[in-house]
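Tertiary structure, described
These are the residues of each chain, in order.
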Amino acid sequence: MAVASLQDFLRRERQATRAEAALSAMLAEEALIDRGECLVDLTITRRQRGALVLDCPVNESRFRPGTRIDLSCGGSRVPGVITDIVDRGLQLHVRVGRSVDGLPVGPWTARESG
C-alpha cells in the first residue's frame, strides 16, 4: 500500500470516528439505549477507594471491561472505566479517579464516553 493511500485511509477513518461521536452526542437517551451506548437506573451498591459497584435491572448495552463511561445522577458527574461486569451483566465494577464519598446512591445513568 502506497503512503498516499494509507494517509487517505487514515484521514477517512478519523472523519468516520468524529461523525460517529457527533451522532452519539446528538441522540436522545432512548436512542443511545437502543444503540447499546447507555444504561439507566443504575444504583451504587458498594463504594471503595476509587471504585464503585453499580447494579442495574437490565443490561442490553455493549459495554465491556475497559469501556470508558460517564456516570451522571442529578448534578453529579463521574468519569470512569468499567473494570468488570458480573452477575449476568447486571453488576458493573467501575474505576473512578475521584472520591466516591458523598455520591448519591442513584439512579445513575452511564453513557459511553466519546
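Described in the following lines is the structure provided in the data block. Since we're looking at a predicted model, the values are computed, not measured.

1. Re unusual backbone geometry
Each neighbour pair has its own omega, and for G106 with P107 the value is 5°, a cis peptide bond. Tracing the sequence through the fold places P107 in the loop between β5 (91-96) and β6 (108-112). Residue D87 is not a glycine yet carries a positive backbone phi of 55°. Summarising the element assignment, D87 is placed in the loop between β4 (76-86) and β5. For R88, which is not glycine, the phi torsion reads 55° and is therefore positive. Among the structural elements, R88 can be located in the loop between β4 and β5.

2. Observations regarding the side chain of H93
The topology assignment puts H93 in strand β5. When its relative accessible area of 18% is taken as the criterion, H93 is described as buried. A polar contact of 3.1 Å, which involves the side chain of H93, links it to the side chain of Q91. With sequence-adjacent residues up to four places away left out, H93 is seen in contact with R46, L52, V53, V81, I82, T83, D84 and V86.

3. Quick look at the sheet that holds β4
Here six strands make up a closed barrel; going around it, the order is β1-β2-β5-β4-β3-β6 and the pairing antiparallel. The sheet shows a mean angle of 45° between the axes of neighbouring strands, direction not considered. Where strand β2 (residues 51-55) meets β5, five bridges bridge the pair, whose relative direction is antiparallel. Residue pairing across strands places D55 opposite Q91, the latter belonging to β5.

4. Structural notes on the pairing of β5
Regular strands show a simple pattern: their side chains alternate between the two faces of the sheet. With five of its six residues buried, β5 lies for the most part within the structure. Looking at chain direction, β4 and β5 are connected through six bridges and run antiparallel. The partner of I82 across the bridge, within β5, is V94.

5. Looking at the nonpolar core
Nonpolar side chains in soluble globular proteins generally cluster together in the buried interior. Of all hydrophobic cores here, the largest spans 19 residues; its most connected members are L42, L52, L54, L71, V94 and W108. For this core, the secondary-structure elements that each account for two or more residues are β1 (38-48), β2, β3 (68-73), β4, β5 and β6. Ignoring anything within four residues of it in the chain, the contact list for L42 reads L54, D55, C56, L71, V105, G106, P107, W108, T109 and A110.

6. Overview of the pattern of salt bridges
Should their charged atoms come close, side chains of opposite charge can pair. Summed over the entire model, instances satisfying the criterion amount to four salt bridges. Among the ionic pairs, R12 bridges to D8, the shortest N-O distance being 3.2 Å. Linking R12 with D8, this pair stays in helix α1 (residues 3-26), spanning four residues, or about one helical turn. R12 sits in the partly exposed class, given a relative accessible area of 44%. Put simply, R62 and E112 hold a salt bridge, and the shortest N to O gap is 3.5 Å.

Cut-offs used in this document
- Residues numbered from 1 in each chain as written.
- Predicted model: local features only at pLDDT ≥ 70, side-chain atom pairs only at ≥ 80, totals over all residues.
- Heavy atoms only, no water.
- Helix = DSSP H or I, 4+ residues; strand = E, 2+ residues; numbered from the N terminus.
- Buried < 20%, exposed > 50% of the residue type's maximum accessible area, 1.4 Å probe, protein only.
- Polar contact = N/O pair within 3.5 Å; in protein donor to acceptor, adjacent residues only side chain to side chain.
- Contact = heavy atoms within 4.5 Å.
- Pairing = 2+ DSSP bridges.
- Axes fitted to C-alpha atoms, helices over the stretch in contact; angles between N-to-C directions.
- Core = buried A, V, L, I, M, F, W, Y, C linked by side-chain atoms within 4.5 Å.
- Salt bridge = Lys/Arg side-chain N within 4 Å of Asp/Glu carboxyl O.

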